[in-house]
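What follows is the residue order along each chain.
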Amino acid sequence: MPKDQSVLLEIRDLRIEGYSDEQWIEIIHGIDLTLHRGEVVGLIGESGAGKSTIGLAAMGFTRDGCRISDGTVEFDGMDLTSATQSERRALRGKRIAYVAQSAAASFNPAHKLIDQHTEAPLLHKLMTKAESQADAVELYRRLRLPNPEDIGFRYPHQVSGGQLQRAMTAMAMSCRPDLIIFDEPTTALDVTTQIEVLAAIRDIVEQFNTAALYITHDLAVVAQMCDRIKVFLKGDEVEEAATREMLEHPKEEYTKSLWAVRSFQREQKPRPPEGSTPLVSIRNISAAYGDVKVLNDVSFDIHPGMTVAVVGESGSGKSTTARCITGLLPPTEGEIMFNGTALPPRYQDRTKDQLRQAQMIYQMADTALNPKKTIGEIIGRPLQFYAGLRGADLKKRVDELLDQIELEPSKYYHRLPSELSGGQKQRVGIARSLAAEPSFIICDEVTSALDQLVAEGILRLLDRLQKDLGLAYMFITHDLATVRSIADEVVVMKEGKVVEAGPKDVMFRPPHHPYTDLLLSSVPEMDPDWLTNLLNERGVDNVGEAAAASSGGN
Amino acid sequence: MQGVIALVGKRLLLGLGTLLVVSIIIFGAVELLPGDLAQQILGQSATEETVANLREELGLNDPSYIRYFQWLGGAVQGDFGISLANKRSVAEQLAPRFANTLFLAGYAALIAVPLAIILGVLAALLRNSVFDRVSNALSLVSISSPEFFLGYILIVLLAVQNPVFPAISNVNPDMGLWERLNRTTLPALTMALVVTAYMMRMTRAAIINLLASPYIEMARLKGVPNGRVITRHALPNALAPIINVVALNLAYLITGVVLVEVVFVYPGVGQLLVDSVTKRDFPVVQACCLIFAATFILFNLLADVGAILSNPRLRHPK
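This structure is a prediction, so every number in the text was calculated from the model and none was measured.

Draft legend 1. Highlighting a positive patch on the surface. A surface patch of positive charge is lined by Lys352, Lys373, Arg381 and Arg390 of chain A. Along the chain, lysine 373 of chain A falls in the loop between α14 (365-368) and α15 (375-387).

Draft legend 2. Here's a closer look at a nonpolar patch on the surface. Residue and element names in this part refer to chain B. Together, Phe148, Phe149, Tyr152, Ile153, Val156, Leu157 and Leu259 give the surface a local cluster of nonpolar side chains, amounting to about 600 Å² of exposed area. In terms of residue count, helix α7 (residues 147-161) provides more of the nonpolar patch than any other element does, six residues in total. Positionally, valine 156 belongs in helix α7. Among the residues examined, valine 156 registers a relative accessible area of 39% and is labelled partly exposed.

Draft legend 3. Fine view of the nonpolar core. By size, the foremost hydrophobic cluster in this structure holds 86 residues, and its most contacted members are Leu9, Leu179, Ile181 and Tyr214 of chain A. A per-element tally of this core places helix α8 (residues 191-207) of chain A first, with eight residues. One finds Ala116, Ala123, Ala124 and Ala206 of chain B within the second-largest nonpolar core, a separate group that totals 48 residues.

Draft legend 4. Examining the interface of chain B and chain A more closely. Counting residues at the interface gives 23 residues for chain B, matched by 28 residues for chain A. Counting each side, the surface lost to burial between chain B and chain A is near 2400 Å², with a carbon and sulfur contribution of 58%. One can count eleven residue pairs in polar contact (both at pLDDT 80 or more) joining chain B with chain A. Breaking the side of chain B that touches chain A down by element, the ones donating at least two residues are α9 (214-221), α10 (226-255) and α14 (312-315) of chain B. Its residues assigned to classes, the side of chain B that touches chain A shows nine nonpolar, five polar and nine charged.

Draft legend 5. Representation of the layout of surface pockets. Residues and elements named next belong to chain B. A volume near 830 Å³ is recorded for the second largest pocket. Along the walls of the second largest pocket sit 28 residues, with Leu37, Leu58, Leu60, Arg67 and Pro283 positioned nearest its centre. Looking at the lining of the second largest pocket, the elements that each hand over two or more residues are α1 (2-32), α2 (37-42), α3 (48-58), α4 (64-76) and α13 (282-309). Taken together, the residues that form the lining of the second largest pocket break down as 15 nonpolar, six polar and seven charged.

Draft legend 6. Representation of the environment of alanine 472 of chain A in the model. Residue and element names in this part refer to chain A. Within the fold, alanine 472 resides in strand β18 (residues 472-477). Overall, alanine 472 belongs to the buried group, its relative accessible area being 0%. In sequence terms alanine 472 and methionine 306 are 166 residues apart; their C-alpha atoms lie 4.8 Å from each other. When neighbours within four sequence positions are excluded, alanine 472 is seen to be in contact with Leu279, Ile302, His303, Pro304, Gly305, Met306, Ser439, Phe440, Ile441 and Gln466.

About the thresholds
Residues numbered from 1 in each chain as written. Chains lettered and ligands numbered in written order. Predicted model: local features only at pLDDT ≥ 70, side-chain atom pairs only at ≥ 80, totals over all residues. Heavy atoms only, no water. Patch = residues over 30% accessible without salt bridge, like charges linked within 9 Å, V, L, I, M, F, W, Y side chains within 5 Å. Areas by Shrake-Rupley, 256 points an atom, 1.4 Å probe, with all protein chains shown as cover. Salt bridge = Lys/Arg side-chain N within 4 Å of Asp/Glu carboxyl O. Lys, Arg positive; Asp, Glu negative; His and termini not counted. Charge placed at Lys NZ, Arg CZ, Asp CG, Glu CD. Helix = DSSP H or I, 4+ residues; strand = E, 2+ residues; numbered from the N terminus. Buried < 20%, exposed > 50% of the residue type's maximum accessible area, 1.4 Å probe, protein only. Core = buried A, V, L, I, M, F, W, Y, C linked by side-chain atoms within 4.5 Å. Contact = heavy atoms within 4.5 Å. Buried area = accessible area lost by both parts, 1.4 Å probe. Polar contact = N/O pair within 3.5 Å; in protein donor to acceptor, adjacent residues only side chain to side chain. Nonpolar A, V, L, I, M, F, W, Y, C, P; charged D, E, K, R; others polar. 1 Å grid on protein atoms, 1.4 Å probe; cavity = no way out; pocket = protein on both sides within 12 Å on 5 of 7 lines; lining within 4 Å. Points joined across faces, edges and corners; volume = space filled by probe spheres on them.

If you want it as structure tokens, here you go:
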């Protein structure tokens, strides 16, 4: 039977306004979108492009403080912008479903998964409770969730992130909708888990001829999932094309710049000669939170001026290692050597000079900067503390640091963090760590909360600072593309242990440790056939096994 | 579940510890009061000899820590000593009074708690509507008026102008339940008015606080109607703060009744406390304070346990 390919969703000249500073400001400037049955269209763009807002508008929904000011959203012949509240409610969950970015936050913590799953079919009077539960188990099985019979009877906090994301996809399928909106469904997941969820989503969308809007900022992901791609920038459409064509021949400059992001790569530095003293040497450290052991005999060296990337899935102990180095979490065993001398385990016992030498930059610049202090005060604080600078000297040094991070001193000195963009905040975080004049900086996922273009700017800045100041970096990340572009040495961690370590060129060349191999091969590539080939290579069952393995790990 | 039991046990021990500290403070405070107890009992005309004899008899010459432990030892077994005013056992006097206070508090709670939660949920559901604004304003008025003032207003409205309920709540043990309820309606209403407002505002705030959560948005995007979003998706997650405010207000219903009992001449612990203070009947005052403290600590404990139990993460560990 040929699949039905009639038009399902037709958005015409959609304009949406947001309320801020006591007035309505247009944030979506007249968008058109046509979606056929069974078709998957990707909406991509950086944060602030309005992708999520458009996705929700496709359900006739706007968040508090937003309103549709003009245009039509026609779903299967019904205009959702003029439909009544109850008409729209009758569609939601039943014919249009939504899969949110964070399943952990979008499942109600107070109810079991299956009760949340059956809610929509029961409300829309499509099935009895028993039918709907049986169907849920069937969907869990199709999505290759472990223990499909029982998993639904758990509470959200008892299930791992990747499994929750699949359970949410199952929930979206509960009424066999015609359209599903996927809003960054894999952004919060590790690469290994992401593959399972991507494969599951693609399978199920194909099986039921469901149409989908797939919202993401990850180009490689969109290449695997979508038939067509639409690129957005600040509430405007930049261009639209079929996936292959878009990847091969992007027309607009902006799209080309998105595609070009992954090109930054700096030359790998050679290892220093055998026997030279490493700047930081982590020797057989173990650490625990209470009774839970999180680090098990971790050792690696960081040499002056080099970048060591520490990679691994969440929960692998990367950030805990950083906490041990800085003395926030004294290790239970082992020691940290700095320039050949052992550091006291607790930061309280270290000298000011020892503290000064090792600085940190955090993932969330938002929460790492005091919102009540101006940029000048934030950067000035370590200068007062470590160097004892006052008055004009202090101001002069802050200005120099602002220059170094490419923010104009006169413009930014008196601003508050809330007046800065994400990338600018991260730059301030860098300047604050530089203020101490360290020889070693720990960068904990510093680019993972940023858009790719902005992230690249940060990477280039860090690279330049390393050249100018001879800094050594420990670069914690789960993003292997970042590793490829900046690392000299790579340390792979899993479940609190180092599974493999070595120079980057060696690490990226086979043969690998099986876990490194799993990590490397799981990073999505721009090739639209990548996921299909990979699944064929691994065999579908293998994905199921990987799922079971990762569920055991979490 | 084991974790929950351990947690509750820990809280219970902590509560007992607090109670011990409070008992020291109560005993110490009475000890610090000027004047001599024996002198107090015998009056101005007593000779020095009789005062000395009585001091000996009452054990007042012992060091204070010994008397504290004697008092505490008795209190633990329910013996709070002998009233100075009428020489009767304190426990004997206190028991029926405490029962009366509990009755009144229970009555007020039965009115206030369901009313507050229903109103709070409605206010959250209809937020920014006329209903929400009016209930908000009224609850502010009732919170800001002193309870004795509310009591007098109710007396004027419901006992004097429209004689529905009696203005004086003199109950006795032989009274039937119905008669008892009738007589205590006005004080119960007064107290209900005060605590409902707090609980309602907290319920509303706790629910509205959650309405921006992703799982609430998810529920709406599944087509769940508004009422169900509030009652099924928001309320279960707002229980912890609601349980807290309810428990604290229940404790207040028992310990904060002094003024209301005086206004309505109700024979409860509050009345007894006021009388005993004027008569300088310290054993009774000490006993009343200890009971109030114990009530407060107990309800705080209940609030903690309730909040723990309302959290699925603690009820169903990984």
